[in-house]
Amino acid sequence: MLESIFSCLFVCFAKILEISVQSVKTVFMVKGQRIQAAFLGFLECVIWGLVIASIIDTLGDNYLMLFFYCLGYSTGMYIGSVLENKIALGTSSIQLMVKSDKVEKVIEYLNNSNRGFTVLDGKGSKEAMSIVMIVLPRKEVKAVISDIRKLCDKEVFVVSSEVSKFVGGYGIKK
């Protein structure tokens, strides 16, 4: 009985590790980091081989093992997405719609932060607005948005999106 519980827990934890590695590997592949993706792919295969070797004979008959396999898979998906979010590879673009009377604070902040940006004049539904466009590393997006929201007393509309390719510009290294 104890051996069966140990086997179920081994399968669950190994599957969590495998799927977490798989999620991060996929991100590396999409971002063009082939060597890291290949290393993680090798690690993923080793873990998968260990898991499958330990359950292949019993999975159809042992519903507890099947449950732990599925639990490990789904938990690994969750943990992998959390890891991917923490690693935050890549580049993002932020567009800020700022009231024109607050845009100078934003420009000063961006200049002091050594960030490249472009400012356009715009017209909102009720008043004049400025559109500030910034391209920056994805891992810095949360902090920059937080800082700008404080500067603008939270009166800023923010759109953030991932950038797959860009050429040139100021204030960002590819």
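Residues numbered from 1 in each chain as written. Predicted model: local features only at pLDDT ≥ 70, side-chain atom pairs only at ≥ 80, totals over all residues. Heavy atoms only, no water.

With that settled, the discussion passes to the packing of helix H1 (residues 2-30) against helix H2 (residues 34-55). Viewed as axis vectors pointing N to C, H1 and H2 meet at an angle of 155°, and their least axial separation amounts to 9 Å. Taken together, H1 and H2 sit at an angle that is classed as roughly antiparallel. As for how H1 packs across H2, the hand of that crossing is left-handed. Where H1 abuts H2, its residues Phe-10, Val-11, Ala-14, Lys-15, Leu-17, Glu-18, Val-21, Gln-22, Val-24, Lys-25, Phe-28 and Met-29 lie against Gln-36, Ala-37, Leu-40, Gly-41, Leu-43, Glu-44, Ile-47, Trp-48, Leu-50, Val-51, Ser-54 and Ile-55. Within the contact of H1 with H2, the residues separate by chemical class into 16 nonpolar, 4 polar and 4 charged. (Axes fitted to C-alpha atoms, helices over the stretch in contact; angles between N-to-C directions. Helix = DSSP H or I, 4+ residues; strand = E, 2+ residues; numbered from the N terminus. Parallel < 35°, antiparallel > 145°, perpendicular 65-115°, else oblique. Left-handed = near helix turned anticlockwise from the far one by under 90°. Contact = heavy atoms within 4.5 Å. Nonpolar A, V, L, I, M, F, W, Y, C, P; charged D, E, K, R; others polar.)

Enumeration according to the criterion identifies 8 salt bridges in this entry. Between Arg-138 and Glu-84 there is a salt bridge, with its nearest N and O atoms 2.7 Å apart. Residue Arg-138 is found in the loop between strand E3 (128-137) and helix H5 (141-151), and its partner Glu-84 is found in helix H3 (residues 63-87); the two are separated by 54 residues along the sequence. Each of the two residues, Arg-138 as well as Glu-84, counts as buried. Across the salt bridge formed by Arg-115 and Glu-140, the nearest N and O atoms sit 2.8 Å from each other. Here Arg-115 is found in the loop between helix H4 (103-112) and strand E2 (118-123), whereas its partner Glu-140 is found in the loop between E3 and H5, with 25 residues between them in sequence. On the accessibility criterion, Glu-140 (29% relative accessible area) is partly exposed. Linked by salt bridges that have partners in common, Lys-99, Glu-127 and Glu-155 make up one network. (Salt bridge = Lys/Arg side-chain N within 4 Å of Asp/Glu carboxyl O. Buried < 20%, exposed > 50% of the residue type's maximum accessible area, 1.4 Å probe, protein only.)

Size it by volume and the second largest pocket reaches roughly 220 Å³. Along its surface, the second largest pocket is lined by Val-82, Asn-85, Lys-86, Ala-88, Arg-138, Lys-139, Val-141 and Lys-142. The greatest single-element share of the lining of the second largest pocket, amounting to 3 residues, is contributed by H3. Along the lines of polarity and charge, the residues of the lining of the second largest pocket split into 3 nonpolar, 1 polar and 4 charged. (1 Å grid on protein atoms, 1.4 Å probe; cavity = no way out; pocket = protein on both sides within 12 Å on 5 of 7 lines; lining within 4 Å. Points joined across faces, edges and corners; volume = space filled by probe spheres on them.)

Side chains of a nonpolar character, in soluble globular proteins, are inclined to be buried together. Leu-96, Val-98, Val-106, Val-132 and Ile-148 are the most contacted members of the largest nonpolar core, which has 17 residues in total. Counting residues per element, the ones that place at least two in this core are strand E1 (91-99), H4, E3 and H5. The greatest single-element share of this core, amounting to 5 residues, is contributed by H4. Beyond its immediate stretch of four places on either side in the chain, Val-106 contacts Leu-96, Val-98, Val-132, Ile-148, Leu-151 and Cys-152. Grouped together as the second largest cluster of nonpolar side chains are 11 residues, Val-11, Cys-12, Ile-47 and Val-51 included. (Core = buried A, V, L, I, M, F, W, Y, C linked by side-chain atoms within 4.5 Å.)

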